[in-house]
Amino acid sequence: MNAIVYASQAVTGLEPARLQALVRSSSEFNVRMGVTGMLLHDGQRFLQYIEGPERELRQVYARICASSSHHEMMELARGQIDVRRFPDWALYLAPATPPVLRELVLSDWSALVRSRHVGARAGTAIDRLIGLIGNEAMALPVERISLKSPCHGRVAFCSRLLDSPNV
Ligand SMILES: Cc1cc2nc3c(=O)[nH]c(=O)nc-3n(C[C@H](O)[C@H](O)[C@H](O)COP(=O)(O)O)c2cc1C
């Protein structure tokens, strides 16, 4: 099982409707690939964490790299992980404030890979990312829920991976 984290800049004028369509088609592809993860958006920048089997993850990442909806991609970490951190979510789009997203970009993501080894520190960047979701949202039993975003009043969609492949 592998994981990748990157940050990028949304193209100017990325409409909420285009973002919703993007998340919907992305999560559908992720379900097929057995990839799960989270996408943070502050209205301008993205931070995405994806995890899954190496080959399938590479396919998803290739689609992300080829997307015309963002640019200035900056890979923050990549490596092997022991367990999925977002087993239930094909792609969870969550709003973030610019300071929160910036802080996550500047966090030490190397622990994502190091956490495989004994002695890894707790309270890593990935834990902070997970903390942004909270148990309430993770427990929602619906396939697709809409959240009112605090930034720009946008609506974010979360797609739950119902048929989680056993990888
Ligand atoms: C921020 C961002 C995150 C994305 N995440 C995924 C993803 O998790 N899985 C996937 O298959 N594609 C992902 N994509 C690629 C989109 O599916 C792709 O943008 C879509 O097919 C439309 O292409 P376009 O952005 O060039 O119009 C992502 C694209 C962006 C900009």
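To be clear, the structure that these remarks concern was listed above.
Below, the structure is looked at part by part. This is a predicted model, so every value here is computed, not measured. In this numbering scheme, every chain counts its residues from 1 along its sequence in written order. This being a predicted model, a pLDDT of at least 70 is required before a residue's local features are given, and a value of 80 or more before pairs of side-chain atoms are given or counted; all residues contribute to the totals for chains, interfaces and linings. Calculated side-chain values reflect all of the structure's heavy atoms, with hydrogen atoms and water omitted.

**Things to note about the site of the ligand**
Line of reasoning, step 1. Close to the ligand lie 18 residues, the nearest being N30, R63, S67, S68 and S69.
Line of reasoning, step 2. S26 has a polar side-chain atom sitting 3.0 Å from an oxygen atom of the ligand.
Line of reasoning, step 3. Each polar contact in these results corresponds to two N or O atoms within 3.5 Å; when the atoms are within protein, one needs to be able to donate a hydrogen and the other to accept it, and residues that are neighboring in sequence are counted only if both atoms are side-chain atoms. Here R63 contributes a side-chain N or O atom positioned 2.6 Å from an oxygen atom of the ligand.
Line of reasoning, step 4. For the ligand, the protein covers 83% of the area, taking 610 Å² as the surface of the free molecule.
Line of reasoning, step 5. Here a cavity denotes grid points, spaced 1 Å and computed from the protein atoms alone, that fit a 1.4 Å probe unable to get out, and a pocket denotes an open set having protein on both sides within 12 Å along at least 5 of 7 lines; residues with an atom within 4 Å of a point are the lining. A pocket or cavity is taken to hold a molecule when more than half of that molecule's atoms are within 2 Å of the pocket's grid points. Judged by the proximity of its atoms to the pocket grid, the ligand belongs to the largest pocket.
Line of reasoning, step 6. Going through the elements one at a time, helix 1 (16-33), strand 3 (45-52) and helix 2 (54-66) are the ones with two or more residues in the shell around the ligand.
Line of reasoning, step 7. With 6 residues, the top contributor of residues to the shell around the ligand is helix 1. By convention in this text, a residue qualifies as near a molecule or strand provided that one of its non-hydrogen atoms is within 4 Å of it. The accessible surface values rely on the Shrake-Rupley method and a 1.4 Å probe; as for residues, cover is taken only from the protein chains in view. The helix count covers DSSP runs of H or I at least four residues long, the strand count covers runs of E at least two residues long, and both are numbered beginning at the N terminus.

**Let's talk about unusual backbone geometry**
Line of reasoning, step 1. Non-glycine residue E72 carries a positive phi angle of around 50 degrees.
Line of reasoning, step 2. You can see E72 is positioned in strand 4 (residues 70-80).

**A look at the side chain of S107**
Line of reasoning, step 1. By the element assignment, S107 lies in the loop between helix 3 (98-105) and helix 4 (111-114).
Line of reasoning, step 2. When a residue's accessible area, from a 1.4 Å probe over protein chains only, is under 20% of the maximum for its type it is buried; when over 50% it is exposed; and in between it is partly exposed. A residue is classified by how much of its surface remains accessible, and S107, at 11% relative accessible area, is buried.
Line of reasoning, step 3. At a separation of 2.8 Å, a polar atom in the side chain of S107 contacts the main-chain carbonyl oxygen of E103.

**Let's talk about the nonpolar core**
A general trend in soluble globular proteins is that nonpolar side chains are found buried together.
Line of reasoning, step 1. We define a nonpolar core as any set of buried Ala, Val, Leu, Ile, Met, Phe, Trp, Tyr and Cys residues linked to one another through side-chain atoms lying within 4.5 Å. In this structure, L40, L47, Y49, W109, L112 and L129 are the most contacted members of the largest nonpolar core, which totals 22 residues.
Line of reasoning, step 2. Taken together, the elements giving at least two residues each to this core come down to strand 1 (2-10), strand 2 (36-41), strand 3, strand 5 (89-95), helix 3 and helix 5 (125-138).
Line of reasoning, step 3. If near-sequence neighbours (up to four positions away) are discounted, W109 is found in contact with V5, L47, L76, A77, L104, A125, I126 and L129.
Line of reasoning, step 4. By size, the runner-up hydrophobic cluster in this structure holds 10 residues, among which are Y6, V35, Y61 and I64. Any pair of residues with heavy atoms lying within 4.5 Å of one another is described as a contacting pair.

**A few points about the packing of helix 1 against helix 2**
Line of reasoning, step 1. Axis lines are fitted through C-alpha atoms, for helices just across the contact stretch, and the angle between N-to-C directions can take any value from 0 to 180 degrees. The interhelical angle for the contact between helix 1 and helix 2, taken along N-to-C directions, is 165 degrees, at an axis separation of 10 Å. With respect to their mutual orientation, helix 1 and helix 2 come out roughly antiparallel. Where helix 1 crosses over helix 2, the two elements pack in a sense that is right-handed. Judged by residue contacts, S25, S26, F29, N30 and M33 of helix 1 engage E56, Q59, V60 and R63 from helix 2.
Line of reasoning, step 2. Here the residues of the contact of helix 1 with helix 2 are counted per class, giving 3 nonpolar, 4 polar and 2 charged. Just so you know how the angles are binned, under 35 degrees is roughly parallel, over 145 roughly antiparallel, 65 to 115 roughly perpendicular, and the rest oblique. By convention, the crossing between two helices is left-handed when the near helix turns anticlockwise from the far helix through less than a right angle, and right-handed when the turn is clockwise. Throughout this entry, Asp, Glu, Lys and Arg are counted as charged residues, while Ala, Val, Leu, Ile, Met, Phe, Trp, Tyr, Cys and Pro are counted as nonpolar. The remaining residues, Gly among them, count as polar.

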